[in-house]
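# Reading the structure
For reference, the chains in residue letters:
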Amino acid sequence: MTSRSEELFGRARRVLPGGVNSPVRAFTSVGGVPRFIRSARGAWLEDADGIRYLDFMGSWGVAILGHDHPAVREAAARALTRGTSFGAPSPDEVEIAELIAELMPGIEVVRFVNSGTEATMSAIRLARAVTGRSRIVKFRGGYHGHADAFLVAAGSGAATLGVPSSPGVPAATARHTSVAEFNDLASVADCFSALEEGVAAVIVEPVAGNMGCIPPADGFLPGLRELCTRHGALLIFDEVMTGFRVGLTGAQGRYDVIPDLTTLGKVIGGGLPVGAYGGREELMREIAPDGPVYQAGTLSGNPLAMAAGLAALRHLAEHPEVYEHTEYLGRLLDSGFAEIAGRSPVPVRWNRVGAMGSLFFSESPVVDWPSSEASSSGRFKQLFHGLLDRGVYLPPSSYEAWFWSAVHEEGEIARALETAGGIIESMDVQTRRRGSRPQSNPPRRAMK
C-alpha cells in the first residue's frame, strides 16, 4: 500500500527539482522516501500518514524551544492580525535588534535580512568594502549558504586558488575564495602568506555544523582572531546555527572570542524565515543608507518574523533553565553514546557542543572535513533508517548536526539511546566505509 508521503513525493518530483525545495530533504544521502511533515509540536513531528517521530532535526536548529511554543505562536498570531508585510519599519524590529545587541558580545549594530545565505553574502560584501580587498578564506566542509563565493572547493593549490563546487559558479568568482582546513591554524596562516593582495575576511562556523558537529580545538578560535588582527582582515563568525543555540551569547560568548562581524538566523526568527548580520558600529555604519555599501530587501524585518523572533529571544533571555536543561540532555547523550561505544562491534564517536551534536562511525576522532568524510556513511544510513522505522527522526545526512530542544524529556532521550544502541550493536562489522556495496558514483554530499 502506497503511503501518503510516497504519493506526495511522486507528485512533487513532477513539479519540484528532486521533489523538494532544499536538496538534503530528498533523502539522497540515506535513500528511501522523504517523510512529508504535516505538523510539529513540542519535541515531535507528525507526517502525512499520521506517524509521529521524536525530532532530532529541530528544523535544522531553529526549534531550541521546541515546535509550536505558546509564546512564539501567540506573538505570531497577534502580529498576523496587524498585517503580514509593510515594506516599512515596525516597532518589533527595533526591540529585537536592541535585544540581540544586548545579548551577543560582538554585535553593536545589526541589519535584518531574510535568510542565512543573505546574511553571509552581505557580511562578505561589507568586509570587502571596508578592507578594500577581494579575497576571503573559508573552511573545507563549512557551509555558509548557497551564494557563489561560498560554493568553492579546495583546488590543487588550496591556499591560492579555489575552484567552483557547483555548475553556474564562475571560475573568476571562485578564485577570490581560498579554502583552509577547520581546526588547522597553519593552513589559515598559509593562506595569508600566499596572498600578496591580502585577505578581506575569514568566515567560519565557530562550531562546525555542516560536516557533522565538530567543536573548535583548543586555541583555534583565538588563533583565528590573532591572525585576522595581525593581517588586517575581518573575522566573521557564521552563527546562523550556533547563535542562541549553544548558549544565550552564542559560540562567541561560550568561547570568549569576539569576531568583527556575526551572521545569525534560525533561532532569531522563532520558526519564521529570517537572517541577520551585525558587528562593531563603525563597520555596520558603512551599510546604506548610513554608508556606501548597498544591501536591501523588501521583506527584511518582516513583521511576522520579527514578532516570533522577539518572543523566542525574550523567552530565552528570561529563562536560563532552557540552556541548563538542554545541556543536561546533552550530557545524557554524551554518557549514553560512550556506553554504546564501549560495547559496539563498530567504531562510534560522539561530538557535542551545547544542544547540537553528531554521531560518527569512525576509528579516529572527528576534528575536520577529512576525518568527517572518512566516517562510514553506510553505517549512518543503517542507523538513520533503523531509528526512522522506530519513530526517531534524525537529519537525513551523516554530515548534518543533530538538535534537541528545551521540551525534549529525559525519558525520550533514554528511549532514543536504547533504540540507537540496539541498532548499532547489531551492525555487521564488515559494512563498507562508504556503504554496504561498491558504488561507481558515490552520492555527493547533500547540502541544505
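### Topic: the sheet that holds strand β14 (residues 356–360)
Taken together, the 3 strands give an open sheet; going across it, the order is β13-β14-β16, and neighbouring strands pair in antiparallel fashion. With partners counted over all chains shown, the strands left at the sheet margins are β13 (349–353) and β16 (402–403), one partner each. In terms of strand pairing, β13 meets β14 through 5 bridges, oriented antiparallel. The partner of Arg 349 across the bridge, within β14, is Phe 360. Together, β13, β14 and β16 form the strand contacts of helix α12 (residues 321–343), whose direction differs from that of β13 by roughly 165°.

### Describing the pattern of salt bridges
The full count for this structure, using the stated rule, is 19 salt bridges. Taking the shortest distance from any N to any O, the salt bridge between Arg 140 and Glu 181 comes out at 2.2 Å. Placement of Arg 140 in the loop between β5 (135–139) and β6 (152–154) and of Glu 181 in the loop between β8 (177–180) and α7 (185–194) is noted, with a sequence separation of 41 residues between them. You can call Glu 181 buried: its relative accessible area is 17%. Between Glu 327 and Arg 254 there is a salt bridge, and its shortest N-O distance comes to 2.9 Å. Here Glu 327 is found in helix α12, whereas its partner Arg 254 is found in helix α9 (residues 250–255), with 73 residues between them in sequence. In this structure Glu 327 comes out as buried when scored by relative accessible area, which is 18%. One salt-bridge network, in which partners are shared between bridges, spans Arg 225, Asp 260, Arg 280 and Glu 282.

### A look at the packing of aromatic side chains
For the coordinates displayed, the defined rule picks out 13 aromatic pairs. Between the aromatic rings of Tyr 53 and Tyr 393, the centroid separation amounts to 5.9 Å while the plane-to-plane angle is 80°, which identifies the pairing as edge-to-face. Of this pair, Tyr 53 sits in strand β3 (residues 52–55) while Tyr 393 sits in strand β15 (residues 392–393), and the two are 340 residues apart along the sequence. Here Tyr 53 matches Tyr 393 in class, with each residue buried. Consider the rings of Phe 337 and Trp 402, whose centres lie 6.0 Å apart with planes at 75°: the pair is edge-to-face.

What counts and what doesn't
- Residues numbered from 1 in each chain as written.
- Predicted model: local features only at pLDDT ≥ 70, side-chain atom pairs only at ≥ 80, totals over all residues.
- Heavy atoms only, no water.
- Pairing = 2+ DSSP bridges.
- Helix = DSSP H or I, 4+ residues; strand = E, 2+ residues; numbered from the N terminus.
- Contact = heavy atoms within 4.5 Å.
- Axes fitted to C-alpha atoms, helices over the stretch in contact; angles between N-to-C directions.
- Salt bridge = Lys/Arg side-chain N within 4 Å of Asp/Glu carboxyl O.
- Buried < 20%, exposed > 50% of the residue type's maximum accessible area, 1.4 Å probe, protein only.
- Phe/Tyr/Trp six-rings, centres within 6.5 Å; stacked < 30°, edge-to-face > 60°.

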